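Residues per chain are reported as follows:
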Amino acid sequence: MNGIHLTLPDGSVREAPEGTTPREIAKSIGPGLARAALAARVDGAIVDLDRPLRRDASFAILTDRDPDALDVLRHSAAHILATAVRELFPRAAIGFGPPIEDGFYYDFEVERPFTPDDLEAIERKMAEVAEKDYPFLREEVSRDEANRRFRDDPLKLERIADLGDDETISIYTDGPFVDLCRGPHVPSTGRLKHFKLLSAAAAYWRGDSRRQMLQRIYGTAWFKKEDLAAYTHRLEEAKRRDHRKLGRELDLFLFHPVSPGSAFWTDKGTTLYRVINDYIRELQQRHGYLEIKTPLLYNKALWETSGHWGKYRENMFLVLDSETGEHDMSLKPMNCPSHHVLYGLGRHSYRELPIRYSTFDVLHRNEVTGALSGLTRVRQFQQDDCHIYLMPSQIAGEVRHVAEMILEVYRTFGLTATMKFATRPEVRIGDDAMWDRAEADLRAALEATGMPYDLKPGDGAFYGPKIDFDVGDSIGRKWQLGTIQLDYAAPERFDMLYVGEDNTEHRPVVIHRAMCGSFERFIAILIEHFAGAFPLWLSPEQVRVLPISDQQAEAARRVHQGLRDAGIRSVLDAGSQTLNYRIRDAEMAKVPYMAVVGQREAEAGTVAVRTRGAGSKQDVIPVGEFVTRLGESIRARALEL
RNA sequence: GCUGACGUAGCUCAACUGGCAGAGCACCGGUUUUGUAAACCGGCGGUUGAGGGUUCGAUUCCCUCCGUCAGCUCCA
């Protein structure tokens, strides 16, 4: 018997003749499955339904319920996009067209960029291609054959030339369109039902800024109509929460062409900034961090020592030294080297370690204009950046401590985090023994947190392994914020030392650590996470006191002053506008609480409290109780009102 | 930096193929004294991002620069 054995997901084993296709297996299991089948997973690899099976393997039919099937659909959607573009623009040269998170794209070399009207026409044509239900046919061809088939497609020829001799060259055909492609694909174009083209923009061929720009069309595709609707809703929601829009509406910060990429913070924005900074400062103080301040301006000697003067100089703001006439001074783009200098200025005992330096100074980086974006990519910012100097034996304990601290910060802001463990890259310094130890220490610390993490082999810094923290916000987007990096290079470059128990000099290790990343970016994320409706402790304005009429102006003023005396950020709105008007104004400013003072309240020493978002439901309580309640919420840094 | 789009009052947006720059909100003044999401009346507000060009005439067409946005590159 020369059959092959396929182990199905339920553990059962099916025997089939060699060369059987997944489609045939699906049919033999049931007609329903055969209809739903999109592709198959064979020993973990995803293949077309018509790919003959040659060996014993684990085997599963992919249907639209399998998350991996979405990638297959989107990859096929990219081909359908290219099919449509070729129909409408026969001279378009084709680049790459992969699936990406939430969708797909395809790159084309065309005579003029695509317009929004083009996109509409292409989208309609895609629907036609789907309607025709062309099967996706796979062929494996020789190099000569591939070169012949794509002789009019220079970009594809370049790709073919890059393929190794041992690689199979496969091409896929759907109706009129033929593409060089590894696959797999859904059985036919008709499987694409719920899709939408999103945008067109230029992208460098092969991601290389020295090469020509192609026109890239982005699209999204889903199995279910509801999923597509949910996705477009998510895009709208993200737009509604855009921190640039909310920053202006809530009067937090502004930008002006006199200083591109640097924010003007209003009083409210400055308050928010300060509250976050105060929290981080207090937390660090509790954990034994030492806050220091170092110069903003340095001559090039520092950057030569740190290694930044070479390649990184173009990102630094250089300052003209009027005596030398040279631009050999620079504003600091990061704190690390200055911390190392301060460490090196003293003689340190092993008894002092770990030494944890923290600085909130202003940093400047000369980002290229095209990279600037709201608060997420700025030229001037502040970091909650720290450097910890310690003995190798202290790494495990310290990393665990730092990881817990970072997770505590995210919890405090209601953000969820996942961790990535990045290990030794190809190009690195230090011997294998050092890396073995560093990775083991870092991993042990990571496991001690009990949190799940992803492994990113080869993704570490050249000077040591690291842990990155990805934070998820309220609409499911991911942001890389925190990082813990072990650094074995800086101690050498800066000739750092400590005196050990044995009274001889040793090299410490440095841990680079950030929790929020930059306050600017962190605030952008918080604005979008909370959609501008901050918890009480973060709100720039915590209470708005509203007298109903002039009669209660004095009583309201006393309530307002009482709140202020208790350290609560209160604003008194005793304007001549109607109460309705003033309530609407405060509601739109997303103030957490309104304290309404009318005749009854003034006489009883109470306030009618209206909570943000709770509508007209009010809670009449004594002023003292209101103040106490707010104080407790603020101290607890409560997330809910 | 690259490709493309965009830039009109503090904000959101109008102004037909080149023909008198306009509205709402905000702001200011007056009236109103209000019980939980917009009272009423009046007023101020513009070198249409900047500079140049074409034209009898430019917010509109062309060029340069600045800025913003999307994507790419970059994010040490």
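Residues numbered from 1 in each chain as written. Chains lettered and ligands numbered in written order. Predicted model: local features only at pLDDT ≥ 70, side-chain atom pairs only at ≥ 80, totals over all residues. Heavy atoms only, no water.

Would you take a moment to explain the pairing of strand E5 (residues 57-62) for this structure?
Both faces of the sheet carry side chains from a regular strand, because those side chains alternate between them. The buried fraction of E5 amounts to five of the six residues, a majority that puts the element mostly inside the structure. The pairing of strand E1 (residues 3-7) with E5 spans two bridges and is classified as parallel. Across the sheet, Leu-6 pairs through a bridge with Ala-57, a residue of E5. (Buried < 20%, exposed > 50% of the residue type's maximum accessible area, 1.4 Å probe, protein only. Helix = DSSP H or I, 4+ residues; strand = E, 2+ residues; numbered from the N terminus. Pairing = 2+ DSSP bridges.)

Any chance you could explain the protein's contact with RNA strand B here in plain terms?
RNA strand B sits among 48 residues. The nearest are Met-334, Arg-365, Glu-601, Ser-616 and Gln-618. The contact atoms of RNA strand B, taken as those within 4 Å of the protein, divide so that sugar and phosphate hold 48%. Note that a base nitrogen of RNA strand B is positioned 2.6 Å from one of the side-chain N or O atoms of Tyr-204. For RNA strand B, a phosphate oxygen lies 2.9 Å from a polar atom in the side chain of Arg-248. Per-element accounting of the surface near RNA strand B gives the leading share, seven residues, to helix H17 (residues 579-588). Looking at the surface near RNA strand B, its residues break down into 22 nonpolar, 15 polar and eleven charged. (Near = heavy atom within 4 Å. Polar contact = N/O pair within 3.5 Å; in protein donor to acceptor, adjacent residues only side chain to side chain. Nonpolar A, V, L, I, M, F, W, Y, C, P; charged D, E, K, R; others polar.)

Even after reading the chapter, I still don't get the side chain of Asp-573, so can you show me in this structure?
Here Asp-573 shows up in the loop between strand E31 (570-572) and H17. Apart from residues no more than four positions distant in its own chain, Asp-573 is found in contact with Arg-544, Val-545, Leu-546, Pro-547 and Arg-582. (Contact = heavy atoms within 4.5 Å.)

Is there a simple way to explain the domain arrangement of chain A in this structure?
Where the parts come together, the accessible area they lose is often given as the size of the interface. Entries for chain A in the domain assignment read domain 1 (3-63), domain 2 (69-240), domain 3 (253-296 + 332-529) and domain 4 (543-636). Computed from C-alpha atoms alone, the centre-to-centre distance between domain 1 and domain 2 is 27 Å. Counting from both sides, the interface comprises twelve residues of domain 1 and, opposite them, eleven residues of domain 2. For the domain 1 and domain 2 pair, buried surface summed over both sides reaches about 850 Å², with 55% attributable to carbon and sulfur atoms. In terms of surface lost to domain 2, no three residues of domain 1 exceed Leu-38, Asp-48 and Arg-51, which account for 58% of the buried area on that side. Mapped by element, the contributors of at least two residues to the side of domain 1 that touches domain 2 are helix H2 (31-36) and strand E4 (45-47). Of the residues belonging to the side of domain 1 that touches domain 2, the class tally is seven nonpolar, one polar and four charged. (Domains from an automatic or database assignment. Buried area = accessible area lost by both parts, 1.4 Å probe.)

Hey, could you run me through the sheet that holds E5 in this one?
Two strands in a sheet stick together by hydrogen bonds in their backbones, pointing the same way (parallel) or opposite ways (antiparallel). Strand order in the open sheet formed by five strands is E2-E1-E5-E3-E4, and the pairing between neighbours is mixed. The two strands at the open ends of the sheet, each matched to only one other strand, are strand E2 (13-17) and E4. Across the sheet, the axes of successive neighbouring strands diverge by a mean angle of 35°, strand direction being ignored. (Axes fitted to C-alpha atoms, helices over the stretch in contact; angles between N-to-C directions.)

Looking at this model, I keep getting lost on the packing of helix H9 (residues 267-286) against helix H15 (residues 519-530). Mind explaining?
Each packed pair of helices is defined by two parameters, the angle between the axes and the distance between the axes. The geometry of H9 relative to H15 is characterised by a closest axis approach of 11 Å and an angle of 110° between their N-to-C directions. Considering the angle they form, H9 stands roughly perpendicular to H15. As H9 packs across H15, the resulting crossing turns out to be right-handed. In this structure, H9 contributes Leu-272, Tyr-273, Ile-276, Asn-277 and Ile-280 to the contact, and H15 contributes Phe-519, Glu-520, Phe-522, Ile-523 and Leu-526. (Parallel < 35°, antiparallel > 145°, perpendicular 65-115°, else oblique. Left-handed = near helix turned anticlockwise from the far one by under 90°.)

Explain unusual backbone geometry to me, please; I cannot follow it from the model alone.
Note: most residues except glycine have negative phi, and most peptide bonds are trans. Cis rather than trans, the peptide bond between Gly-183 and Pro-184 has omega equal to -5°. When you line up the elements, Pro-184 lands in the loop between strand E11 (177-180) and strand E12 (194-204). Pro-354 follows Leu-353 through a cis peptide bond whose omega is -5°. Its place among the elements puts Pro-354 in the loop between helix H11 (336-344) and strand E20 (355-359). Backbone geometry at Asp-43 places phi at a positive 50°, although glycine is not the residue there. Tracing the backbone through its elements, the reader meets Asp-43 in the loop between strand E3 (39-42) and E4. A positive phi angle is found at Arg-206, which is not glycine, with a value near 60°. When you line up the elements, Arg-206 lands in the loop between E12 and strand E13 (213-222). Residue Arg-206 is classed as partly exposed on the basis of its relative accessible area of 32%.

I keep staring at the sheet that holds strand E30 (residues 543-547) and nothing clicks. Help me out?
The sheet built from five strands is open, its strands ordered E31-E30-E32-E33-E34 with mixed pairing. Taken across any chain shown, the strands that pair with only one partner, and hence form the sheet edges, are E31 and strand E34 (618-622). Pairwise comparison of adjacent strand axes, ignoring direction, gives a mean angle of 30° for this sheet. Across five bridges, E30 lies against strand E32 (residues 593-597) in parallel orientation.

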